[in-house]
Amino acid sequence: MSYVLLTGGSGYIGSHTALALLRAGEQVISFDNYSNSSPESLRRVEQLAGKSMVQIKGDVLDADALAAVFKQYPVKAVVHFAGLKAVGESTQKPLWYYETNVGGTIKLCQVMAEFGVKNLVFSSSATVYGNAQNSPLPETTPTVAMNPYGQSKLMTEWVLQDLQRSDSSWNIAVLRYFNPVGADASGCIGEDPNGIPNNLMPFITQVAVGKRSELQIFGSDYPTADGTGVRDYIHVTDLAAGHVAALQHLSKGEGFDVFNLGSGLGLSVLDIVTRFAAVNQLEVPYQFVERRPGDVARYFADPSKAKAVLNWQTEKTLDDIVRDSWNWQKNNPNGYN
Ligand code: WQD
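The text that follows walks through the structure, step by step, so that each part is easy to find. (Residues numbered from 1 in each chain as written. Predicted model: local features only at pLDDT ≥ 70, side-chain atom pairs only at ≥ 80, totals over all residues. Heavy atoms only, no water.)

A short note on the overall build of the chain
Our working definition: Working definition: helices are DSSP H or I runs of at least four residues, strands are E runs of at least two. Numbering for both runs from the N terminus. It only takes one pair of heavy atoms within 4.5 Å for two residues to be counted as in contact. In this count, Lys and Arg are taken as positive residues and Asp and Glu as negative ones, while His and the chain termini are left out. Here the site of a charge means NZ on Lys, CZ on Arg, CG on Asp, or CD on Glu.
The helix and strand inventory of the chain stands at eleven helices and 14 strands. Seen through its principal axes, the chain has C-alpha atoms that stretch 55 × 40 × 40 Å. Partitioning the intrachain contacts of the chain with sequence separation of at least 6 by distance along the chain shows that 79% fall at a separation of at least 24. If you average the places of the 27 positive and of the 33 negative side-chain charges in the chain, the two averages end up 2 Å apart.

Pasting the structure below:
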């Protein structure tokens, strides 16, 4: 019986992926320092799946703690979620981001190599496309990072590509997420950001549940249909399924490859806010303010490669996204606390 190891498994995307893997019949280990997540998410994952998983508290920078996992359990593949992901924070603390995101991945790969485990799915981000103006964006879009967070993801992709070139027994899939949103339809697990949400959807749901007074819409003068920013919102359940598909792809020994995980549909801030209010029959007060520095007008995926190679595409609709986001927040006004 071999295991799939999820670093950062108790986080937003990690917990949904753990659930998808358990439901697919896999044995799962989560290795997480809980710095930006709660073990409560994994307790609920076990309840939803009706089966247990291994939960280990540890830090990817602690090679001994990582090695202990490989010593104790037969690991067949790793999905590497553990990392720091706040764009603004990364500009304040770049060394922390490079040490954790790049250094942590290097440590992980060193330990994996020591135990002969060479199947890796890496959690990357569409942020590596920088301020690309020509959406829909294929994987061949030139990459350039606009902040230390994006740079750390891009540098990690380069490290992994060089690793696989140096040793062809590695099978690595890099997944570039667009904008993860939503929650499992049960409403038991979901996004639980620390402090003031940076991202749109958790801010909307916190306004809806009364934790915040109103949404500030950053910019209404973009060259888009309604003047607000357009993004590619991907339901986290679809995103989790993309990881399962990538692991299956790696089991065929496929070298190194990069995939966009997105819907391919561009939706504006107003599309999201108005649909959220309509589907859930509630008010979301908002006001237009200045553009947020660094934002681009339109940003969405060309997801055709994931469809062709992984046989994966999004299934959830905008209504699923806004309904499931609210269902999680309504049932958990204070997240996992
Ligand atoms: C979406 C849209 C905002 C908040 C970020 C990271 C990226 C990735 C995904 C990790 C934009 C608008 C937002 C608010 C608003 N994260 N907005 N009011 O910026 O597309 O991507 O998250 O990999 O790296 O950059 O997502 O949710 O912050 O913004 O008007 O309070 O919502 O201007 O148009 P973004 P977002």
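Focus on the packing of helix 9 (residues 269-280) against helix 11 (residues 318-331)
Put simply, the rule reads: Helix axes use the C-alpha atoms of the stretch in contact, all axes being lines fitted to C-alpha atoms, and the angles between their N-to-C directions lie in the range 0 to 180 degrees. With respect to orientation, any angle under 35 degrees is reported as roughly parallel, any angle over 145 as roughly antiparallel, any angle of 65 to 115 as roughly perpendicular, and every other angle as oblique. Less than a right angle of anticlockwise turn of the near helix away from the far helix marks a crossing as left-handed, whereas a clockwise turn marks it as right-handed. In the scheme used here, Gly and all other residues not listed as nonpolar or charged are polar, with Ala, Val, Leu, Ile, Met, Phe, Trp, Tyr, Cys and Pro taken as nonpolar and Asp, Glu, Lys and Arg as charged.
Axis separation between helix 9 and helix 11 bottoms out at 9 Å; the angle between their running directions is 70 degrees. Judged on the interaxial angle alone, helix 11 and helix 9 are roughly perpendicular. Between helix 9 and helix 11 lies a crossing of right-handed hand. In contact with Asp271, Ile272, Arg275, Phe276, Val279 and Asn280 of helix 9, helix 11 contributes Leu318, Asp319, Val322, Arg323 and Trp326. Class assignment for the residues of the contact of helix 9 with helix 11 results in six nonpolar, one polar and four charged.

Some thoughts on the site of the ligand
Note the cut-off: Consider each residue's heavy atoms; a residue with any of them within 4 Å of a molecule or strand counts as near. Polar contacts, as counted here, are pairs of nitrogen or oxygen atoms within 3.5 Å of one another; within protein the pair requires one atom able to donate a hydrogen and one able to accept it, and residues that are adjacent in sequence qualify only if both atoms are side-chain atoms. The Shrake-Rupley method, run with a 1.4 Å probe, gives the accessible areas here. Residue values count only the displayed protein chains as cover.
The environment of the ligand is formed by 18 residues, the closest being Tyr149, Leu200, Arg231, Arg292 and Asp295. Between the ligand and Ser125, the relevant distance is 2.9 Å, taken from an oxygen atom to a side-chain nitrogen or oxygen of the residue. A distance of 3.0 Å separates an oxygen atom of the ligand from a polar side-chain atom of Asn179. With the chains in place, 88% of the 680 Å² that the ligand exposes on its own is no longer accessible. Residues belonging to the shell around the ligand are distributed by class as follows: eight nonpolar, seven polar and three charged.

Looking at the environment of Ser41
Relative to the assigned elements, Ser41 resides in helix 2 (residues 40-49). Taking the C-alpha atoms as reference points, Ser41 and Asp162, separated by 121 residues in sequence, lie 35 Å from one another. In contact with Ser41, other than residues within four places in its own chain, are Ser10, Ser15, Ile189 and Tyr336. Polar side-chain contacts of Ser41 include one of 2.8 Å to the backbone oxygen of Ser10.

Topic: the pattern of salt bridges
Going by this rule: By definition here, a salt bridge exists when the distance from a side-chain nitrogen of Lys or Arg to a carboxyl oxygen of Asp or Glu is within 4 Å. Residue exposure (1.4 Å probe, protein chains only): buried if accessible area is under 20% of the type maximum, exposed if over 50%, otherwise partly exposed.
For the coordinates displayed, the defined rule picks out 13 salt bridges. Measuring nitrogen to oxygen at the nearest pair gives 3.6 Å for the salt bridge that ties Asp162 to Arg165. In this pair, Asp162 and Arg165 are both assigned in helix 6 (residues 148-166), three residues apart and thus about one turn of the helix distant. According to the relative accessible area criterion, Asp162 is partly exposed, its value standing at 46%. In this structure Arg165 comes out as exposed when scored by relative accessible area, which is 60%. Each of Glu40, Arg43 and Arg44 takes part in a single network of salt bridges with overlapping partners.

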